[in-house]
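# A look at the structure
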Amino acid sequence: MTTVSSSKQSNSLVRLLFQSTTVDPMPLQVLWLVIRVSAGGLMIHNGLDKLANVQGFADNVVTYIGFPYPVFLTYCAAYTEVVGAILLMLGFLTRLDAAALLITMLVAIFFHVKGNGFKVTPLETAALYASFYLFFLINGGGKFAIDTWLWQQLNSKTD
């Protein structure tokens, strides 16, 4: 039976958190950055809207879905959409931010399907956001992300 040393496990975790999928062409990396900043920047207003009317969102969305602790979960969603989106834009802890934002979008998709069925209009925005966040969850922040810089710094110290 083989065991993995704790340093190898922690290195794998750090790699998972910070290393992005490698794509060499610079235009693709610039597009990656533009999409990351756009997908983050456009999400911030959703979180601010929730914070502007916490009780209304808790009553009309979270309670309607059937989740417990609607006010608490409203704050969780709102701060995920504000703080997580800002961190995503910076490319810091990109995969964690993308995972949290993806969860909020999956809940939004569920809400729209429960309330309106599969009507495209209310569903498409949440599905598009979810697609972007899934991309960043899988691929990381790209070349122009704080994660990539941190990964390079960590690798240069181990060499």
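Right, let's walk through the structure included here. Model, not experiment: these values are computed from the prediction.

Attention now moves to helix α2 (residues 26-52). In this model, α2 (27 residues) spans 40 Å end to end at C-alpha, consistent with the 39 Å of a helix rising 1.5 Å per residue. Where α2 is concerned, the buried positions are Q29, W32, R36, A39, G40, M43, I44, N46, G47 and K50. On its buried side, α2 packs onto α3 (54-65), α4 (70-90), α5 (94-116) and α6 (120-139).

Here we take up α3. Structural remark: α-helix, 3.6 residues per turn; residues separated by three or four positions point the same way. An ideal rise of 1.5 Å per residue puts 16 Å on 12 residues; α3 measures up with 15 Å between its terminal C-alpha atoms. Turning to α3, its buried residues are V54, G56, A58, V61, V62 and I65. Residues of α3 that are buried make contact with α2, α4 and α5. Within two residues after α3, G66 carries a phi angle of roughly 105°, on the positive side.

Rules of the game
Chains are numbered independently. Their residues run from 1 in the order of the written sequence. Reporting in this predicted model follows two pLDDT cut-offs: at least 70 for local features of residues, and 80 or more for side-chain atom pairs to be given and counted; totals over whole chains, interfaces and linings ignore these cut-offs and use all residues. Hydrogens are left out, water is left out, and the side-chain values use all remaining heavy atoms of the structure. Secondary structure follows DSSP: runs of H or I at least 4 residues long count as helices, runs of E at least 2 residues long count as strands, and numbering of each begins at the N terminus. To estimate the expected span of a helix, count its residues, drop one, and scale the result by 1.5 Å. When accessible area is computed with a 1.4 Å probe and restricted to protein chains, residues below 20% of their type maximum are described as buried, those above 50% as exposed, and intermediate ones as partly exposed. Whether two residues touch is decided by their heavy atoms; if any such pair falls within 4.5 Å, the residues are in contact.

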